[in-house]
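Results of the structural survey
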Amino acid sequence: MTQRVFVCRCEDVTVAEIQHAIALGLGSVEEIKRYTGLGTGPCQGKECIVALVRLLLAERAVTPEAVQPFTARPPAEPVTLAELASVAGTPPPEDGP
Amino acid sequence: MPGDDAVLRPASPSALTLELAYDDAPLRAAPGDTVSAALLRAGRVATGRSLKFRRPRGPFCLQGDCGTCLLRVDGEPNLRACTTRVRAGMQLQSQNRVLPRGPDPTALVDTVFAAGMDHHHFMVRPRLVNTIMQEVARNLAGLGTLPDAPSEPPAPPRHEAPQVLVVGAGPAGLAVLRRLRRAGLAAVCVERLDRDGARARCGDDDAEVRYDTAVFGLYPREHGGGVVAARVHDGDARGIVTFAPRHLVLATGTRDVIVPLRNNDLPGVLAARGLASLLRRTGDTLAVPGVVVGEGERATALARQLRLELLAPTAVEAVLGGARVEAIATREGRRELGVVALAGTPAPASELARQCGARVRWADAGFVVARDETGRAAADTWTTWACGEVCGVAERDAADDGERVAEALLAAIGRAP
Ligand code: FES
C-alpha cells in the first residue's frame, strides 16, 4: 500500500492532491472542493474542513480574516428519501402559541 | 496487530448475550451496545474500502460525525455502525468490498495511482482503458447497493411549535434547558446521540431531553414561517419531526477532526475523544497497545483517560499497517500497536448555525459562530442564539455560558429570570 496523508477520507483527497490543485491556481475552500471533491462525501466536510483551511493558510492561499467554510445546506445529518417525502405536501403549520 | 485481534476487552464477557451476524461470522454484543463497539471487540476493524483508492477503512470518530463506518444493516445500506444500536439477530454486512474478507483485487487502484488521482485528467486513451475507467468512475459515485426491500414507512411526520428549541444536550444545552425550566419555561431540547452516548460524552443527561433526534435542516423561510427539521432515528419511532420555534438555541458543541499524518486513514486510527466515550459507555478496556497523537491540555487529558502515551503529531513519521494499524514509525523507530488515537483540537459544529444565516469566523480550531454580547447569532423568522463550544467557549466554561445566554433569552421574552 502507498503512504498517503489524507485530509478528506470520505472522498479520498490527500495533502498532495490539494497541493496539486493549489499549484494549478486554485486557492479558496470552494475551488478546492469543486476541483477535488473534498467535503462532498458522507460527512459533508465535518471532518476535513479544518485540515483544509490549515493547509490553505500555510500555503498563504487564504487569510484567517477572510476565509469562509463551504456553504452549509441541509441535510446536515443523514435522512432517508422516504422520510423526507413523508413531510412533502403537509400543510403549512399553524402559528404556535 | 494482524488478523482479527480484539481492540476492546469487555468488562464482563457474560454480558454479551445477543447474537448477531457480521458478513461470514457470528458476532456477540451486549444489550445497549453500538454496532461499532461489538465490531471493535471482535477485532473487525476494517468495515469497507474507500471510494477512490480502494483502501481499507473503518470507523474513526465513533460519534456519528465522519461517515466512514457505513454498513448494510438488515438489508438497508449506509447505516452508521457507531450510532446504530445492536438488536438480537441483526444481520450486518460490510460495504464497498469485493469480498468480505481477504485480499481485494480493487486494492490495486491504490498502487496504480501512487501519485494521486486527478479525475479531471483521467485516462481517455486508449479507448479500452477509458471504458474501464468509466466503470471505476461509476463505482466512485455510489455507496453501498440498493436495499433488499422498500423500507418500512416512516412514522407520520409531527409538527410542534415550542417557544424555545434547544439543539444539543452537552454542557451548554443542558444548562440552557435547566435555567429555562427554573424560570417555568418548558423548552424542547433535542440531541442527535442516544442517551447513553450523550452521557458518556459529557457526563450528564436529563429526562426531558429528546435523544436520538438529529436536526438536519433549518429552513428559515419555509411556509412563510420557518421550520427546523429533525429526524428521530430511534428504532420504531423513525420519522421526521418539524418545529416552528420562536427562539432557537444552538448548543451543538464540537466534532473530532482528522490530523494529517501518513496513513491516517488506516482502520484502527480512531478519534481519541470518541474512543474514550465508547469505553465509558461500555466499561470496556483497550485490548491492544496504542498511542494518543496530539498536543495541548485536551490531548494530555485524553491520553491520561485512555492510559496511553501521548505523542506530538510532529514526532510521528507514519502509521504503518495493511488492513489495519500494525505499528507506528517515529524517529526512535518502529513501535507495534493496534490503535492510534488522534486528539486534534475538536472543531466547532457550526453547520446548522450557518444554515440560518449566522456568521462564522476562523479561530484556529475551526469556524466559531459569531454572536452579540447577549448570545444572539441571527434573527429571521425566529431568533437564533448560540452558546458553548460552538462559539469557541472552552468545554469547562460551556455550562456557565449556556446559563448566561438562557438568562439573556429570558430577559428578551420579558420573563423575570
Ligand atoms: S460516523 Fe461512525 S465512526 Fe464516524
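Think of each chain on its own: its residues are numbered from 1, step by step along the sequence as written. To label them, take the chains in the order written and letter them from A, then take the ligands in the order written and number them from 1. Only residues with pLDDT of at least 70 are given local features in this predicted model, and only at 80 or more are side-chain atom pairs given and counted; all residues enter the totals for whole chains, interfaces and linings. To get the side-chain values, take all heavy atoms of the structure and skip hydrogens and water.

Our next topic: the sheet that holds strand S30 (residues 383-386) of chain B. All names here are of chain B. The mixed open sheet is built from six strands, whose spatial order is S12-S11-S10-S16-S30-S29. For this open sheet the edge positions go to strand S12 (209-210) and strand S29 (376-379), each flanked by a neighbour on one side alone. Sheet analysis places strand S16 (residues 247-250) next to S30, joined by four bridges and oriented parallel. Paired with Val249 across the two strands is Trp385, which belongs to S30. Whether two residues touch is decided by their heavy atoms; if any such pair falls within 4.5 Å, the residues are in contact. Axis angles are defined between N-to-C directions and span 0 to 180 degrees, where every axis is a line fitted to C-alpha atoms and, for a helix, only to the segment in contact. Note on conventions: DSSP H or I runs of at least 4 residues are helices, E runs of at least 2 residues are strands, and numbering of each starts at the N terminus. Where helix H4 (residues 171-182) meets the sheet, it contacts strand S10 (164-167), strand S11 (188-190), S12 and S16, and its direction lies at approximately 155 degrees from that of S10. Here helix H9 (residues 398-412) sits on the sheet in contact with S10, S16, S29 and S30, set at roughly 160 degrees to S30. Only strands that DSSP links by at least two bridges are regarded as paired with each other.

How big an interface is tends to be stated in terms of the accessible area lost upon association of its parts. Counting residues at the interface gives 73 residues for chain B and 55 residues for chain A. The term buried area means the drop in 1.4 Å probe accessible area that two parts suffer when joined, counted for both and summed. Interface of chain B and chain A: buried area, both sides summed, is about 5,300 Å²; carbon and sulfur atoms make up 59% of it. Only one rule defines a salt bridge in this text: a Lys or Arg side-chain nitrogen within 4 Å of an Asp or Glu carboxyl oxygen. For the pair chain B and chain A, the number of links is seven salt bridges. Here Glu17 of chain A ties to Lys52 of chain B by a salt bridge, and the two come within 3.1 Å at their closest N and O atoms. In protein, a polar contact means a hydrogen-donor-capable atom and an acceptor-capable atom, both N or O and within 3.5 Å, with residues adjacent in sequence counting only if both atoms are side-chain atoms; elsewhere, any N or O pair within 3.5 Å suffices. Between chain B and chain A we count 21 residue pairs in polar contact (both at pLDDT 80 or more) in total. Considering every element that reaches the side of chain B that touches chain A, the biggest residue donor is strand S13 (residues 213-219) of chain B, with six residues.

All names here are of chain B. Boundaries between domains were set according to an automatic or database domain assignment. Domain assignment breaks chain B into domain 1 (8-140), domain 2 (155-253 + 349-412) and domain 3 (258-343). For domain 1 and domain 2, the distance between their C-alpha centroids amounts to 32 Å. Domain 1 puts five residues into the contact, and the matching count from domain 2 is seven residues. Where domain 1 meets domain 2, there are five salt bridges. If you look at where domain 1 meets domain 2, you find eight residue pairs in polar contact (both at pLDDT 80 or more). Put simply, Ala, Val, Leu, Ile, Met, Phe, Trp, Tyr, Cys and Pro go in the nonpolar bin, Asp, Glu, Lys and Arg in the charged bin, and everything else, Gly too, in the polar bin. Looking at the side of domain 1 that touches domain 2 residue by residue, the classes come out as no nonpolar, two polar and three charged.

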